[in-house]
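Notes for the structure review
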Amino acid sequence: MKTNQTDRHRIDLSTEALATFPNGGKVVVYNAIDRNTEDFCRIMSCARFFAKQGKQVVLPPKLDVPYKNPAYDMIFGTLRGTPYYGKCPDLIIDNQGYEHEGYVTENQKHAIKNMLKHGLSQSDRIIIDKVKLTENYVKARIKGKVHEGKRVTEVWIRDGENLRLVYKNTNDQPI
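My aim in this report is to walk through the structure given alongside it, one point at a time.

Quick notes on the rules
- Residue positions are given per chain, counted from 1 along the sequence in the order it is written.
- Totals for whole chains, interfaces and linings use every residue, but because this is a predicted model, local features are given only for residues with pLDDT of at least 70 and side-chain atom pairs only at 80 or more, for both listing and counting.
- As a rule here, side-chain values cover all heavy atoms of the structure and leave hydrogens and water aside.
- Should DSSP find at least two bridges between two strands, the strands are taken to pair.
- Counting from the N terminus, the helices are DSSP H or I runs at least four residues long and the strands are E runs at least two residues long.
- Working convention: axes come from line fits to C-alpha atoms, limited for helices to the stretch in contact. Angles between N-to-C directions cover 0 to 180 degrees.
- When checking whether two residues touch, look at their non-hydrogen atoms; a contact exists if any pair is within 4.5 Å.
- What makes a nonpolar core is a set of buried Ala, Val, Leu, Ile, Met, Phe, Trp, Tyr and Cys residues whose side-chain atoms join them at distances within 4.5 Å.
- Each residue gets one of three labels from its accessible area relative to the maximum for its type: buried under 20%, exposed over 50%, partly exposed in between, using a 1.4 Å probe on protein chains only.
- Here, a salt bridge means any Lys or Arg side-chain nitrogen found within 4 Å of an Asp or Glu carboxyl oxygen.

1. Remarks on the sheet that holds strand 3 (residues 56-59)
- Strand order in the open sheet formed by eight strands is 1-2-3-4-5-6-7-8, with mixed pairing between adjacent strands. Two strands lie at the open edges of the sheet, namely strand 1 (15-20) and strand 8 (162-168), each paired on one side alone. Taken pair by pair, the neighbouring strands of this sheet meet at an average axis angle of 25°, ignoring direction.
- When strand 5 (residues 96-101) meets strand 6 (residues 125-129), the two strands line up parallel, connected through three bridges. Each bridged residue has a counterpart across the sheet, and for Glu101 the counterpart in strand 6 is Ile128.
- Together, strand 1, strand 2 (26-30), strand 3, strand 4 (91-93), strand 5, strand 6, strand 7 (154-159) and strand 8 form the strand contacts of helix 2 (residues 38-51), whose direction differs from that of strand 3 by roughly 165°.
- Sitting on the sheet, helix 5 (residues 135-147) touches strand 6, strand 7 and strand 8, and the angle it makes with strand 8 is about 45°.

Here you go:
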């Protein structure tokens, strides 16, 4: 029996609203996501933070071979024409992709370096877990990425259930 492209990459595209707020904010999660992982819990705390501000937040599934998966454009169509087309960011907040990055190393300088590197390969809007380094050190690493020519629009630091914006590109011109 021959399997076509659609069958090989079929996933559950149904969604569920996990949180809604009086200001209109909402967290919608694809049912294809494994909700029993630590990563899901961290991403969900980020999603709730933004939804409490009235934003529409979607937690999309990771797709194998995104460019061959017919569901990719349905879920990540807003990335078409960007350098991130073909990527699967962790959150879509008001139609913008955001990537969350955590760390496991005890070396905090390596942690910040790796979180920025991996996060910025997925999106120019990233959320990184708090490190035991000064905020000035973190900002200097972000500015270093900008000077390297990396596109950086926003960087948030997640500290438990709270997020803090530490960098925002305020340049009126596209990067």
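2. Considerations on the nonpolar core
- Val27, Phe50, Val57, Leu59, Phe76, Leu91 and Ile127 are the most contacted members of the largest nonpolar core, which totals 31 residues.
- Sorting elements by how many residues they give to this core places helix 2 first, with eight residues.
- Those residues in contact with Val27 that lie beyond four places of it in its chain are Glu16, Ala17, Leu18, Ala19, Met44, Ala47, Arg48, Ala51, Val57 and Leu59.

3. Considering the environment of Val131
- Position of Val131 relative to the elements: it lies in the loop between strand 6 and helix 5.
- Residue classification places Val131 among the buried positions, given a relative accessible area of 5%.
- Sequence separation between Val131 and Asn69 is 62 residues; the distance between their C-alpha atoms is 36 Å.
- Non-local contacts of Val131, meaning those with residues more than four positions away in its chain, are made with Tyr103, Gln108, Ala111, Met115 and Val138.

4. Side note on the pattern of salt bridges
- The final tally for this structure, using the stated rule, is 13 salt bridges.
- Among the ionic pairs, Arg42 bridges to Asp39, the shortest N-O distance being 3.6 Å. Of this pair, Arg42 and Asp39 both sit in helix 2, three residues apart, roughly one helical turn.
- Judged by its relative accessible area of 34%, Asp39 falls in the partly exposed class.
- Glu154 is paired through a salt bridge with Lys168; the nearest N and O atoms lie 3.0 Å apart. Placement of Glu154 in strand 7 and of Lys168 in strand 8 is noted, with a sequence separation of 14 residues between them.

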